Every structure is written in C-alpha cells, then in structure tokens.
Amino acid sequence: MRIDLHTHSDRSDGTDHPRDLVAYAHTVGIDVLAITDHDTTVGWADALQAAAGAGIGLVPGIEISCEHRGMGMHLLAYLPDPTYEPLRAELRRVLDGRASRLPATLELLRDLGIDITPADVHAAAGPAEATGRPHVADAMIAKGIVANRDQAFARYLSAGRPAYVQRYAADLVSMIGVVADAGGVTVLAHPWARRGPSAVDSDALAALRDHGLIGLEADHQGHDPQMRAALHGIAADLGLIATGSSDYHGSGKLDCNLGCNTTAPDQFDRLLDAARAAAAKAGRGAEAAL
Ligand code: AMP
Ligand code: FE
Ligand code: FE
Ligand code: ZN
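Here goes a summary of the coordinates provided.

1. Structural notes on the coordination of the iron ion (ligand 2)
No. 1: In this structure, D13 (OD), D13 (OD), H38 (NE2) and H249 (NE2) serve as the protein donors to the iron ion (ligand 2), at separations of 2.1 to 2.7 Å.
No. 2: One can describe the site at the iron ion (ligand 2) as irregular: its 6 donor atoms subtend angles covering 52 to 144° at the metal.
No. 3: Between the iron ion (ligand 2) and the iron ion (ligand 3), the interatomic distance is 5.6 Å. Of this pair, H38 sits in strand β2 (residues 32–38) while H249 sits in the loop between β8 (241–244) and α10 (265–282), placing them 211 residues apart in sequence.
No. 4: Judged by its relative accessible area of 8%, H38 falls in the buried class.
No. 5: Residue classification places H249 among the buried positions, given a relative accessible area of 4%.

2. Description of the nonpolar core
Soluble globular proteins tend to bury their nonpolar side chains together.
No. 1: Ranked by size, the top nonpolar core spans 67 residues in total, and within it L33, I64, Y78, L87, M175, L188 and V200 carry the most contacts.
No. 2: Filtering out sequence-adjacent residues up to four positions away, V200 remains in contact with M73, L188, P191, W192, L205 and L208.
No. 3: Ranked by size, the runner-up nonpolar core spans 16 residues in total, among them L106, L109, A137 and F153.

3. As for helix α5 (residues 133–142)
No. 1: The buried count for α5 comes to 7 of 10 residues, which makes it a mostly enclosed element.
No. 2: Burial in α5 covers these residues: P134, H135, V136, A137, D138, A139 and M140.
No. 3: Packed against the buried residues of α5 are α3 (85–111), α4 (118–125) and α6 (149–157).

4. Observations concerning the coordination of the zinc ion (ligand 4)
No. 1: Protein coordination of the zinc ion (ligand 4) is provided by H6 (NE2), H8 (NE2), E63 (OE) and D247 (OD), with donor distances spanning 2.0 to 2.2 Å.
No. 2: Of note is the zinc ion (ligand 4), whose 4 donor atoms meet at the metal with angles of 79 to 169° in an arrangement that counts as irregular.
No. 3: When the donor residues of the zinc ion (ligand 4) are listed from N- to C-terminus, their spacing reads H-x1-H-x54-E-x183-D.
No. 4: In this structure, the zinc ion (ligand 4) lies 4.5 Å away from the iron ion (ligand 2). In this pair, H6 is assigned in the loop between β1 (3–4) and α1 (18–27) and E63 in strand β3 (residues 57–68), connecting sequence segments 57 residues apart. With respect to burial, H6 and E63 carry one shared label: buried.

5. Digging into the pairing of strand β7 (residues 215–219)
No. 1: Most of β7 is tucked away, with 5 of its 5 residues classed as buried.
No. 2: Bridge count between β7 and β8: 4 bridges; the pairing is parallel. Bridge pairing links L216 to A242 in β8.
No. 3: Note that the unit made of β7, helix α9 (residues 225–238) and β8 has a crossover that is right-handed.

6. Structural notes on α10
No. 1: The terminal C-alpha atoms of α10 lie 25 Å apart, and with 18 residues this matches the ideal 26 Å at 1.5 Å per residue to within 8%.
No. 2: Of all the positions in α10, only Q267, F268, L271, A275 and A278 are classed as buried. Looking down the long axis of α10, one finds its buried residues gathered within 100° of arc, a one-sided arrangement. With respect to the buried face of α10, the exposed residues turned more than 90 degrees away are R276, A280 and K281.
No. 3: With its phi angle positive at about 70°, G283 sits one or two positions after the end of α10.

7. Re the packing of α5 against α6
No. 1: Orientation of α5 relative to α6, taken along the N-to-C sense of each, is 105°, at an axis distance of 9 Å. Taken together, α5 and α6 sit at an angle that is classed as roughly perpendicular. Contacts from R133, P134, V136, A137, D138, M140 and I141 in α5 reach R149, A152, F153, Y156 and L157 in α6.
No. 2: Split into classes, the residues belonging to the contact of α5 with α6 amount to 9 nonpolar, no polar and 3 charged.

Conventions we followed
Residues numbered from 1 in each chain as written. Chains lettered and ligands numbered in written order. Predicted model: local features only at pLDDT ≥ 70, side-chain atom pairs only at ≥ 80, totals over all residues. Heavy atoms only, no water. Donors = N, O, S within 2.8 Å, 3.2 Å for Na, K, Ca; no water. Tetrahedral: all angles 85-135°; square planar, octahedral: opposite > 155°, others 65-115°. Helix = DSSP H or I, 4+ residues; strand = E, 2+ residues; numbered from the N terminus. Buried < 20%, exposed > 50% of the residue type's maximum accessible area, 1.4 Å probe, protein only. Core = buried A, V, L, I, M, F, W, Y, C linked by side-chain atoms within 4.5 Å. Contact = heavy atoms within 4.5 Å. Pairing = 2+ DSSP bridges. Right-handed = clockwise from strand over helix to strand, strands pointing away. Expected span 1.5 Å × (residues − 1). Arc of directions from axis to C-beta. Axes fitted to C-alpha atoms, helices over the stretch in contact; angles between N-to-C directions. Parallel < 35°, antiparallel > 145°, perpendicular 65-115°, else oblique. Nonpolar A, V, L, I, M, F, W, Y, C, P; charged D, E, K, R; others polar.

The following block contains the structure:
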C-alpha cells in the first residue's frame, strides 16, 4: 500500500494537469494520492474523476499558506467542504495576496535590469489558479535569464534576495479551526524544512494540537534522517499522526518524485477516522459536498 499525501498539479505550481498527476500516480504504483495544490481546490474535480477511472484512492486536499508567530508555514488540509464560505473567503484572500504581489515582484526585477511582464508570468502560469514565485521563475527561464527554478529562487526570489516580496498568509491557528469547521483535518506540512527544528518545537506543536491539528509531515525531502526520526518521536509523544509524502511538483522541483516518501497505512487510517469525526461534528465535509 503506497500512500502519498502531498502533491501539486498545474492548478498551482506543479506542472502536470490533475488528470495526468493521477495517471502518473497509477503508473508508479501509488494506491492513495492526495492532491494538495497551494490555496486552491480547483484541481479536485478532474483529479477525483481520473482517480475513479484509474481505481486509485484520491484524497482532496489543499496546502494553505499560513503565518504563525511571524513565520510562514504551510498547512495541509484534507477533506474539508470546499464550499464552506469562511474557508472560501480566506483562500480568496490568500489568492488575492498572490495576485497583488506580482507587480511588486516584477518592479523589483526591473530595478535589477530584468524585464519580465505580467503577460510573461501568466503565459508561464498557464491554468494555475494560485500564481507564485515559481511562475515568475518559469518566465525568467523562458527568457534565458536563469537556468531553472532553483537558480531563480537562490538569486532573486527567496526571502532575503533582492526581488522577494512578502504576501498575505492566513493565521495558522484560525485556519486549523476553519478547516475543522469545514469538516476537514489539518496536518502541518514539512515543519522543519526551511528553518530547522527551531521553527516549531515540541511545545509549539503541542499547542497546535490543542487547537485541533491532527498531524505533522515527518517524512519530507526537506528533512534529513535525524529530523525525520525526531519528528516521528514528537508525533508519537503528542498523539499526532506522522505522515510522509513527496511534495511532487512535476518537473517544477527536483528530487521529489511521486512516492519518494509515503505515509504508513495505520497513520492514514487514523487520518480518515479523524476526518470522519470532523465531518460528523461539523455536519459538512468534502464527501457530502462533492
Ligand atoms: P510562493 O507560493 O510564491 O510563495 O512560492 C513558494 C513555492 O515555491 C513553494 O511552494 C515551493 O514549491 C516553491 N519553491 C521554493 N523554493 C524553490 C526552489 N528553490 N526551487 C523550486 N521551487 C521552489
Ligand atoms: Fe509549491
Ligand atoms: Fe509547502
Ligand atoms: Zn507543497
């Protein structure tokens, strides 16, 4: 049983159509796949339809851009009712923040002598609902300014680099509650990937659990073996579910092919049980809505 609970399609910054993402998952022997585009659910319908045809399990999810104690964090939301208005409103705010950041980013690039237009970025973004820095990077690649996304981030787009612009992100604790009210469950994505263990320690994770977080993503390409082991230990101590996933982005990100990390079936069963309980309590959820 191979379960991959964090992947992106071209509706955000992945490169595969949701249908192709599911077909590829089937090809490489994934039994259960979650589609978790950044801040949008627009890929769900195509992915669900393709999964039904291919006979694999599809967990509809979202990777939500959040902020906690002044730090950006990504929250994986599984099986929420996508029509729940408070959730929709907050995702809209985040998507608006992505759109309004773009002109500021392009202006900073122009100051550096790099001419990328909004049309260049929109051409690179194609069908994406959630546009972001990876699409700016793709536009720069198309113009021969950088060789790949990594280079664009390292030179220009990462925090601290000259074309970085902050954008709106949802409050993490509030969002954990909104997803629960939508009948879904939340797992903290790659908790230590960018800033290491100091970003969110065991006490902080315990506090988030008390706010309703049900799990953390322990096995992720951004975590070394020691971090993975430590996160599994913390999850066990705190009664949190520990997941593993690829964070696949198609050809947009290297070294994270589908199934490179997977979630243990017993952990997935706990996630589904928690989602059922959340849906019963909220009186709504993805299953009822879809
Ligand atoms: P944004 O959504 O605009 O804040 O950009 C963040 C996204 O960029 C993340 O979801 C990552 O998938 C992607 N990303 C971050 N660093 C890199 C990198 N070095 N190479 C490729 N993609 C990256
Ligand atoms: Fe991404
Ligand atoms: Fe992420
Ligand atoms: Zn991701």
